[in-house]
Structures are given as structure tokens and as C-alpha cells.
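# Residue-level structural notes
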Amino acid sequence: MIAVNCSPEIDMTQAEGILKEIARDKMGGWVELPRKYDVGELARVKEAAKEIQESSEVLVCIGIGGSYLGHRAVIEALRPRSGVEIVYAGNSLSKRELDWALEQVGDRDFSVNVISKSGTTLEPAVAFGEFKKKLIEKYGEEEAYSRIYATTDAKKGALHDEAVACGYTRFVVPDNIGGRYSVLTSVGMLAMAAAGVDIDKMLEGASEAVEAAVEPALKYAYMRHALGAKGYDTEVFASFEPCAMYFNEWLKQLFGESEGKNKQGVLPTAVIYSTDLHSLGQFMQDGRRNLWETIIDYPTDEMNAKVVTAVRIAHTEGGIPVLNIGVPSFNEKGFGELVYFFELACAISAKLFGVNPFDQPGVEAYKAELNRLL
């Protein structure tokens, strides 16, 4: 199980109240999801993944934020070899990036998984338009539509309505689970299964974590809050495996979007060591002491393990509080456990800072201004 190397003071009465609040919240559907997964939905995901693997060399995953970061984190960390290649699009408005994604697909057989609850988020909508056009040009309209998998709202929205009208295979973005907490829903499961990730093992790890992750999640969340109260306003997630870069990106969204409200929260940032020791190492060792380091300690080889130990000693002696999160296994079960641990810890931490972990009102500000400019 996940191990956390700190022993903060925990008000158990308060902690139990927070855990109950999270489970009762209208957006707390992820809490019991691993143990109450819809068997029929899981079977449909596996069937669709098999169809994609049989018909395509590439699956284009179109989405932004929580619609792609979580499953990309798992896929790129595990690097499965038995599924299709995943190409990502719709996570920026850069024409250069969109053109590159189109070129990556090239003339190969491909399918599209477009992920958007509303269907009106601009970045994925632009990318979907281009890839739908490419599908129709290559296969004709009827077959093109059979290669589109829409993960969207169950009852309404632009993408839902288009999917119904065109006959796309549909999966649901749950109403009671927000994007950054949706890794283990169809939002993440279809792409992971198509890529060759064993999603049953992911759920097994997450299911065990429903109970086993509570104690380490409380320790980590209360330690974060204690450090924040002492003026540490930046958390540096440190990984020693380059393939875990996108897991760090998901953590930045998870904590940044859950906590950064009402002038509260801790700024999440991330590094990959030993690479970043040769760029940010000087600052980490001798720069401002407003930060702490959270090492995500994956199982690794002997030489890399020496780097982990050296960094922990050097940075602690340099005046940086260093937390260590020990990950038991670098496989699907381990990542299922890790995803659930961080979701729970983040929700608890946000509650300790006095903010709602499940909304993101500030995100709408740039959208409104962009719509005005367009």
C-alpha cells in the first residue's frame, strides 16, 4: 500500500467529518466507484476497445484538462505494447500542434474518441472538426461515424445531440464526478483499454485503496495543510522516472484546480530528476525556502534509487521539507491505487483549506473573455 513518511497532528473528529462530507457531496461519485463499478459499462468499454484495436492502428483522443490528462498519465507511464498507438489532440488552440497530430496519423487506419461533457469547449471542438473531416474523406460518412466514440453527457449538450443524430458509440461523463477525478470512469478507461492497459487491474488497485488509502491520505493532506500554515506556498512533485511526467501534469491539475480558490491553496509544480537537477537543482538547493518537495518514490533500479536517496539527503540538509510517498508497484494495480490515493488526499486537503474541491469557477473567466474576442 502507499506509504507516507510523515506524522502530522490529525484531529480525527474533524477528519471523519471531512471524509463523510466528501462521500456525501454531489460530486463525490468517485469515492465508491472502484467498488461499485457498472459491470455493463465496463463490458461496453472493453468491447469498444477491442473494436478499435481490430480496426485501427491509432486512436486519436480529443480532450483537454481532466478529459485527457489522467489517462495519458497512466498510458505514458506504463507504455503498454499490446494496444493501439494513442495520438492526443484538442488540448490547445495551436494550429501547429493540430497539424502535427494530423500528420502523426497520416494514412494509417484510425478511430477517434472525443471527450467533452458539453461538446462546446473550444479546444476539443476545433480538433474534432478536423479529425471528423479526415475520417469522412478517408472512409466515407457511414464508416467514419462508426469510428467515432463520444464520451459526453448522458442526456444533453452539443456533443450528446450530435452523437445521437449521427449514431456514434456513446459513453457517459458522470454527472457526479468532475473531470480531474474521472480517470477511472469511461473518460479514462476507453483510451487506457485501447492502448493495452489492463483496466481490471487498475480497478483492483483502486478498489483496495478505498479503505487502505484513508490513513496515508489523511497523513499527507494534514501535512500539506501544516506546511501551508507555516508559509510554505509551493509544492514540488518530484519523480525520478521520465515516463511519469504526465502523472505530474495530472497532479498539477488535480491540486491546482481543487485548491486554488478564495486566495487559498498551495501552488503545485513538478520536476523530473535527475534531469531537472541539472537545470533547477541550484534553485532547489539554495533558492527561496518557500517550498517543499514531495517525492513520488516509484520502484526503480539501483542507480536511480541512489539518486533518490542523494536528493532526499541534500535537499533536507538544504532546508527543504521533504515528503516521501512510497509507491508499491509500477504496474496497473499500483497506478489504480496511486490515482485513488491522490484523489482522496486532494479532496481532504482542499477541505482543510476551506474550499470546495470539486468546482472550478476561475476557469470560466478566460473562456468568457476568449468568446468575447472571437
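The sections below set out a description of the structure shown in this document.

Our focus in this paragraph is the pattern of salt bridges. Counting across every chain of the model gives 23 salt bridges. Across the pair Arg44 and Glu41 runs a salt bridge, and its minimum N-O distance is 3.2 Å. Note that Arg44 and Glu41 are positioned in helix α2 (residues 39–55) at a spacing of three residues, about one turn of the helix. Arg147 is paired through a salt bridge with Glu143; the nearest N and O atoms lie 3.1 Å apart.

With that settled, consider the sheet that holds strand β5 (residues 148–152). Taking strand neighbours across the sheet as the criterion, the five strands line up as β3-β2-β4-β5-β6 in an open arrangement whose pairing is parallel. The sheet terminates laterally at β3 (85–89) and β6 (169–172), the two strands that pair on one side only. When strand polarity is set aside, the average angle formed by the axes of neighbouring strands in this sheet is 20°. Where strand β4 (residues 110–115) and β5 come together, four bridges link them in parallel fashion. Across the sheet, residue Asn113 finds its bridge partner in β5, namely Tyr149. Packed on one face of the sheet, α2 meets β2 (58–62), β4, β5 and β6 and runs near 140° to β6.

Moving on to the packing of helix α11 (residues 245–259) against helix α14 (residues 332–352). In contact at an axis separation of 9 Å, α11 and α14 are set at 20° when each is read in the N-to-C sense. With respect to each other, α11 and α14 are oriented roughly parallel. By crossing handedness, the relation of α11 to α14 is classed as right-handed. Contacts between α11 and α14 involve Phe247, Trp250, Leu251, Leu254, Phe255, Ser258 and Glu259 on the former and, on the latter, Phe335, Leu338, Val339, Phe342, Glu343, Cys346, Ser349 and Ala350. Along the lines of polarity and charge, the residues of the contact of α11 with α14 split into 11 nonpolar, two polar and two charged.

Before going further, it helps to examine the pairing of β5. With five of five residues buried, β5 lies mostly within the body of the structure. By the alternation rule, side chains of β5 split into Ile148, Ala150 and Thr152 and Tyr149 and Thr151, which are all buried. Here β5 runs beside β6; their pairing, made up of four bridges, is parallel. Each residue of the ladder has a partner; that of Tyr149, found in β6, is Thr169. Taken together, β5, helix α7 (residues 158–166) and β6 form a β-α-β motif whose crossover is right-handed.

Let us now look at the nonpolar core. Grouped together as the largest cluster of nonpolar side chains are 85 residues, with contacts concentrated most on Trp30, Tyr220, Phe247, Trp250 and Phe342. With 12 residues, the single largest contributor to this core is α14. The residues contacting Tyr220, other than those within four sequence positions of it, are Val4, Cys6, Glu235, Phe237, Phe255, Thr294, Leu323, Ile325, Phe341, Phe342 and Ala345. Phe131, Ala150, Ala163 and Tyr168 belong to the second-largest nonpolar core, a separate cluster that totals 24 residues.

Residue placement: Glu302 occurs in helix α13 (residues 302–317). Separated by 92 residues in sequence, Glu302 and Val210 have C-alpha atoms that sit 31 Å apart.

A few words now on the sheet that holds strand β7 (residues 234–239). The strand order β1-β10-β9-β7-β8 describes an open sheet built from five strands, whose pairing is mixed. Of all the strands in the sheet, just β1 (3–4) and β8 (267–272) have a single pairing partner and so form its edges. Here β1 pairs with strand β10 (residues 322–326) via two bridges, running antiparallel. Across the sheet, Val4 pairs through a bridge with Ile325, a residue of β10. With respect to the sheet, α11 is in contact with β7, β8 and β9 (291–297), its orientation differing from that of β8 by roughly 175°.

Conventions used here
- Residues numbered from 1 in each chain as written.
- Predicted model: local features only at pLDDT ≥ 70, side-chain atom pairs only at ≥ 80, totals over all residues.
- Heavy atoms only, no water.
- Salt bridge = Lys/Arg side-chain N within 4 Å of Asp/Glu carboxyl O.
- Helix = DSSP H or I, 4+ residues; strand = E, 2+ residues; numbered from the N terminus.
- Pairing = 2+ DSSP bridges.
- Axes fitted to C-alpha atoms, helices over the stretch in contact; angles between N-to-C directions.
- Contact = heavy atoms within 4.5 Å.
- Parallel < 35°, antiparallel > 145°, perpendicular 65-115°, else oblique.
- Left-handed = near helix turned anticlockwise from the far one by under 90°.
- Nonpolar A, V, L, I, M, F, W, Y, C, P; charged D, E, K, R; others polar.
- Buried < 20%, exposed > 50% of the residue type's maximum accessible area, 1.4 Å probe, protein only.
- Right-handed = clockwise from strand over helix to strand, strands pointing away.
- Core = buried A, V, L, I, M, F, W, Y, C linked by side-chain atoms within 4.5 Å.

In short, shape yes, function no, at least from these values alone.
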